[in-house]
Amino acid sequence: MECSDATASSLEDSTLEPPHIDGQRVAVLLPLPLAGPYEYRIKNGIKLKRGDIVTVPLGSRVMTGVVWGKSQDNVEAKKIKAVLDRIDFPGLKESLVDFIDWVAAYSIAPQGAVLRMALNVKGVFEPPKKEAYYSRAKKQTTKYTKKIKITPARERVFKILNNGGSKTARELRDEASVSISVINGLTSAGLIKKTEQLPKNNIKTPDPDHFNINLTVAQKKAVYNLTEIIKNQNFSITLLDGVTGSGKTEVYFEAIAETLRRGRQALILLPEIALTPQWFQRFKRRFGSEPLIWHSDIGLSRRRSGWRAVSKGKVSVVVGARSALYLPFDDLGIVIVDEEHENAYKQMEGVSYHARDMAIVRAKLVVCPVILASATPSLETRINVAKNRYNCVQLPERFGDAQPPKIDFIDMRKEKTTLNNYLSQKLRNALINNLLSREQSLLYLNRSGYAPLTLCRKCGQRIECPHCSAWLVEHRANHKLVCHHCSYNKKAYINCPKCNSSGSLVACGPGVERILEEVKSILPKARVGLMTSDTTKSHNSIINLIKKIESRSLDILIGTQMVAKGHHFPDLTLVGIVDADIGLSGGDLRASERTFQVLNQVAGRAGRASKPGRVIVQTYEPEHPVMLAMASGDREAFMNLEEKNRKIGEWPPYGRLAAIIVSSKDSLAADKTAHQIGRTAPSGPGIRILGPAPAPLSILRGQHRRRLLIKTSREESLQSLIKVWLSKIVIPSRVKVRIDVDPYNFL
Ligand code: ADP
Ligand code: ZN
Ligand code: ZN
């Protein structure tokens, strides 16, 4: 997207303190899905300015809201209520208030819904409350120690508390991978003690000069270029484009260090924060302490203290998921978006926005540089580099002796695999040889569970989700059938649910569990691990699995997309891609690009250290441009072709695109509204409407879904077109209409 030109005109100097609001009324935005602020009367004596945090009455409730500016004076004097109080806390900065306005306008979302993302920390303005902390009990009587056995789980708890510190139950549970009952048991045995304390802020300031690694010449050059950009302290966008294993992380760490030396804050966005414990270890090695982590899974007390500390400038580095963009930074000096091409940056639920694009807007409004890092930059970013809107810093080679892996293709159409076997002879042999030479292997298949479809051989019944138009996926490890769209699950059937035949149900196609079964049948002695979002849910199970690979107590790792992410395993030398074509089908305009990116990323796990890497790609379409590009390593030619296709079709970023999704429990109501929207669609030379049509996922969670796409030339203002268009339509309460500007998901 083209934030750079879109924001330019609307910006003023945001470093100035806004003036106090004069007049008798103010507009206050509440963190609720409301289209705009409400009016309130200013009580005598309170001075308010834009961004101030206030309490106001709403019906019979008292709500916390934010002063948004002058009121429009639309409400009758006798109906208007007064602001109750101004909360004594630094207000939201002008740049954050502007950012919220910007996101709401761009994504056609209610302003209040965007504010809610920024104030999504319950009770953050209340004085901190005491909480239970656990520490090692000083005096332990032998009587007690005898009473309870010191199991490995209990031992882990002690290990964490032995340095004299204290932790909350939640922290202990997560860090020691124990259940709360272990902590309770130790407490009642008198081995650890519980005390009520005010929440501690354990955040130490990362030290920019804690540990310097010797950068290579190419890395030094990249760091030099980035440092020059940071010295400027201006808004700018830079792509850090480097092959997998080239040291992008090390290089952007130097950009963070430079920002810290200037006393400003740094924000790093990672696509799937919980998945990269190695990132945190490296950060700690470089800076001596950990950054503040921000994502939706963090406990409330840590969210509260973190939010407050960020706003008071006491935290200097935040690493987080999308939502970290809405934190109230005091003095943000750099934003880094790692793996900028990742689709995980696109939020699909609630307010739909792309965090990479919004990171650029955020940086523009606070006036600081942005770095986008990737080995396979998105088409949008490449085009912006080509048009000189973005700078580009390159790292063309892997670090050290590491060479790019050798890639072989297996044409699965010619392969004679037996029934229910999915690994080609060549891949099998390579796995065997790798095990013999004590090197590690990785098998990638982007499909969790055992089999994507269960079919009755007798009556032909396909087992579907009762709430979605989707098949249930068999998860054999826990004997369940699961819907991957709505999480519905049930015990696996023994007999066919339709014709009741026994022994007639067959699993069709492979998931990772089935590949695991096959690997075990070929290599019964191999130590094999599974990494998927359902088998490795918690941060700790991921850390444990990664430790196992690092300590070489695993020979083969099998996994979904999760294995593609940033991991660095020096002894991993073979990568097998079981089904490279998954993801190529379907009417998604980025299907090829995305497949190319993920295949590259997975392939990039092989041979990252001194031992050479090898990749075996199984495909039914070896002549597909994605496979040809993987084979030749010619990223440029492939991306140029993609670019050409988008240009011809006037797809983004050559045109503007939004999806309108109509849904209702009542399929007729969904149809009616969708058709009404279709009939009243705007028309004109630069405008094309596609649909309405049933969505590919035509029923989701019991909602019938219809889709329309509006595609316009870049000259059109897509947002105003849509607003005017939809404002004329009366939408019944049982129908929901969602707008997705710059859609990435076409299901
Ligand atoms: P990328 O992010 O480009 O995939 P990384 O930053 O993860 O690359 O680097 C790959 C590996 O090489 C990491 O283990 C990293 O610590 C190591 N590495 C990179 N540059 C250096 C260096 N100059 N000195 C020592 N180790 C390095
Ligand atoms: Zn049947
Ligand atoms: Zn479902």
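Rules and cut-offs
Residues numbered from 1 in each chain as written. Chains lettered and ligands numbered in written order. Predicted model: local features only at pLDDT ≥ 70, side-chain atom pairs only at ≥ 80, totals over all residues. Heavy atoms only, no water. Pairing = 2+ DSSP bridges. Helix = DSSP H or I, 4+ residues; strand = E, 2+ residues; numbered from the N terminus. Axes fitted to C-alpha atoms, helices over the stretch in contact; angles between N-to-C directions. Donors = N, O, S within 2.8 Å, 3.2 Å for Na, K, Ca; no water. Tetrahedral: all angles 85-135°; square planar, octahedral: opposite > 155°, others 65-115°. Buried < 20%, exposed > 50% of the residue type's maximum accessible area, 1.4 Å probe, protein only. Expected span 1.5 Å × (residues − 1). Contact = heavy atoms within 4.5 Å. Near = heavy atom within 4 Å. Polar contact = N/O pair within 3.5 Å; in protein donor to acceptor, adjacent residues only side chain to side chain. Areas by Shrake-Rupley, 256 points an atom, 1.4 Å probe, with all protein chains shown as cover. 1 Å grid on protein atoms, 1.4 Å probe; cavity = no way out; pocket = protein on both sides within 12 Å on 5 of 7 lines; lining within 4 Å. Sits in = over half its atoms within 2 Å of the grid points. Phe/Tyr/Trp six-rings, centres within 6.5 Å; stacked < 30°, edge-to-face > 60°. Lys NZ or Arg CZ within 6 Å of the ring centre and 35° of its normal. Points joined across faces, edges and corners; volume = space filled by probe spheres on them. Nonpolar A, V, L, I, M, F, W, Y, C, P; charged D, E, K, R; others polar. Domains from an automatic or database assignment. Salt bridge = Lys/Arg side-chain N within 4 Å of Asp/Glu carboxyl O.

1. Description of the sheet that holds strand S20 (residues 489-491)
The strands making up a sheet associate through backbone hydrogen bonding, with each pair oriented either parallel or antiparallel. The antiparallel open sheet is built from three strands, whose spatial order is S18-S19-S20. In this open sheet, the two edge strands, each paired with only one partner strand, are strand S18 (473-475) and S20. For this sheet the average axis-to-axis angle between neighbouring strands, irrespective of direction, equals 30°. Note: strand S19 (residues 480-482) against S20, three bridges, orientation antiparallel. Residue pairing in the sheet places valine 482 in a bridge with asparagine 489 of S20.

2. Quick notes on the coordination of the zinc ion (ligand 3)
At 2.2 to 2.3 Å from the zinc ion (ligand 3) lie its protein donor atoms, namely Cys465 (SG), Cys468 (SG), Cys483 (SG) and Cys486 (SG). For the zinc ion (ligand 3), the four donor atoms in the first shell make angles of 106 to 114° at the metal, a pattern classed as tetrahedral. On the primary sequence, the residues serving as donors to the zinc ion (ligand 3) are separated as C-x2-C-x14-C-x2-C. Grouping residues by exposure puts cysteine 483 and cysteine 486 together as buried.

3. Topic: the coordination of the zinc ion (ligand 2)
Each donor-metal-donor angle in an ideal tetrahedron of four donors is 109.5 degrees, and each such angle in an ideal octahedron of six donors is either 90 or 180 degrees. Taken together, Cys456 (SG), Cys459 (SG), Cys496 (SG) and Cys499 (SG) make up the full set of protein donors to the zinc ion (ligand 2), lying 2.2 to 2.4 Å away. The sequence motif formed by the donor residues of the zinc ion (ligand 2) is C-x2-C-x36-C-x2-C. With cysteine 459 in the loop between strand S17 (453-456) and S18 and cysteine 499 in the loop between S20 and strand S21 (505-508), the pair connects residues that are 40 residues apart, well separated along the chain. Residue classification places cysteine 459 among the partly exposed residues on the basis of a relative accessible area of 32%. Note on cysteine 499: relative accessible area 32%, which makes it partly exposed.

4. Looking at helix H9 (residues 248-261)
A rise of 1.5 Å per residue sets the reference length of H9, with its 14 residues, at 20 Å; its end C-alpha atoms lie 20 Å apart and thus fit the reference within 8%. Counting buried residues in H9 gives 13 out of 14 residues, a clear majority hidden from the surface. Two residues or fewer past H9, glycine 263 is found with a positive phi of approximately 75°.

5. A look at the side chain of aspartate 740
Residue position: aspartate 740 is located in strand S29 (residues 735-741). Judged by its relative accessible area of 3%, aspartate 740 falls in the buried class. Once residues lying within four places of it in the same chain are set aside, the contact partners of aspartate 740 are Lys346, Ser352, Leu657, Ala658, Ala659 and Ile661.

6. Focus: the site of ligand 1
Surrounding ligand 1, one finds 18 residues, the nearest of these being Asn214, Gln219, Gly245, Glu250 and Arg282. Asparagine 214 is positioned such that a nitrogen or oxygen atom in its backbone is 2.8 Å from a nitrogen atom of ligand 1. Within the backbone of serine 246, a nitrogen or oxygen atom sits 3.2 Å from an oxygen atom of ligand 1. Considered on its own, ligand 1 offers 550 Å² of accessible surface; in the complex 84% of this is hidden by protein. The cavity that encloses ligand 1 is the second largest pocket. For the shell around ligand 1, the secondary structure elements donating two or more residues are H9 and helix H10 (277-287).

7. A few points about the packing of aromatic side chains
Enumeration according to the criterion identifies 14 aromatic pairs in this entry. With centroids separated by 5.6 Å and ring planes inclined at 80°, the aromatic side chains of tyrosine 326 and tyrosine 353 adopt a geometry described as edge-to-face. Taken as a pair, tyrosine 326 in the loop between strand S11 (317-320) and strand S12 (332-338) and tyrosine 353 in the loop between S12 and helix H12 (355-366) lie far apart in primary sequence, 27 residues in all. On the accessibility criterion, tyrosine 326 (2% relative accessible area) is buried. Among the aromatic residues, ring-to-ring pairing joins Tyr252, Phe253, Trp279, Phe280, Phe283 and Phe287 into one connected group. For arginine 136, the ring lying beneath its charged end belongs to phenylalanine 158, and the centroid distance is 3.7 Å. Over the face of the ring belonging to tryptophan 651 we find lysine 711, whose NZ or CZ atom lies 3.9 Å from the ring centre.

8. Remarks on the sheet that holds strand S27 (residues 687-700)
Strand order in the open sheet formed by four strands is S27-S28-S26-S29, and the pairing between neighbours is antiparallel. Both outer strands of the open sheet, S27 and S29, are each paired with one neighbouring strand and no more. Averaged over all pairs of adjacent strands, the angle between strand axes in this sheet comes to 20°, irrespective of strand direction. Strand direction decides the pairing type here: strand S26 (residues 655-664) and S29, joined by seven bridges, are antiparallel. Bridge pairing in S29 links alanine 659 to aspartate 740.

9. Some points on the environment of glycine 511
Within the secondary structure layout, glycine 511 lies in the loop between S21 and helix H15 (512-522). On the accessibility criterion, glycine 511 (0% relative accessible area) is buried.

10. Considerations on the layout of surface pockets
Estimated volume of the second largest pocket: approximately 820 Å³. For the second largest pocket, the lining is made up of 31 residues, of which Thr249, Glu250, Arg282, His568 and Arg608 are closest to its centre. Listing elements by their share of the lining of the second largest pocket, those giving two or more residues are H9 and H10. Tallied by class, residues from the lining of the second largest pocket come to six nonpolar, 14 polar and eleven charged. Summarising the domain contributions, the lining of the second largest pocket has at least three residues from each of domain 3 (217-395) and domain 4 (406-448 + 512-642).

11. Some points on the pattern of salt bridges
In total, this model carries 39 salt bridges according to the counting rule given. Salt bridges linked by common partners bring Arg50, Glu94, Asp98 and Asp101 together as one network.

12. Considering unusual backbone geometry
The step from proline 652 to proline 653 runs through a cis peptide bond, and the omega angle for that step is 5°. Mapped onto the elements, proline 653 comes out in the loop between helix H19 (635-649) and S26. Of note, the amide linkage connecting glycine 691 to proline 692 takes the cis form, showing an omega dihedral of 10°. Along the polypeptide, proline 692 turns up in strand S27. Phi is positive for asparagine 420, which is not a glycine, with a value near 65°. Tracing the backbone through its elements, the reader meets asparagine 420 in the loop between strand S15 (406-411) and helix H14 (425-436). A positive phi angle, close to 55°, is found at aspartate 742, a residue other than glycine. Residue placement: aspartate 742 occurs in the segment after S29.

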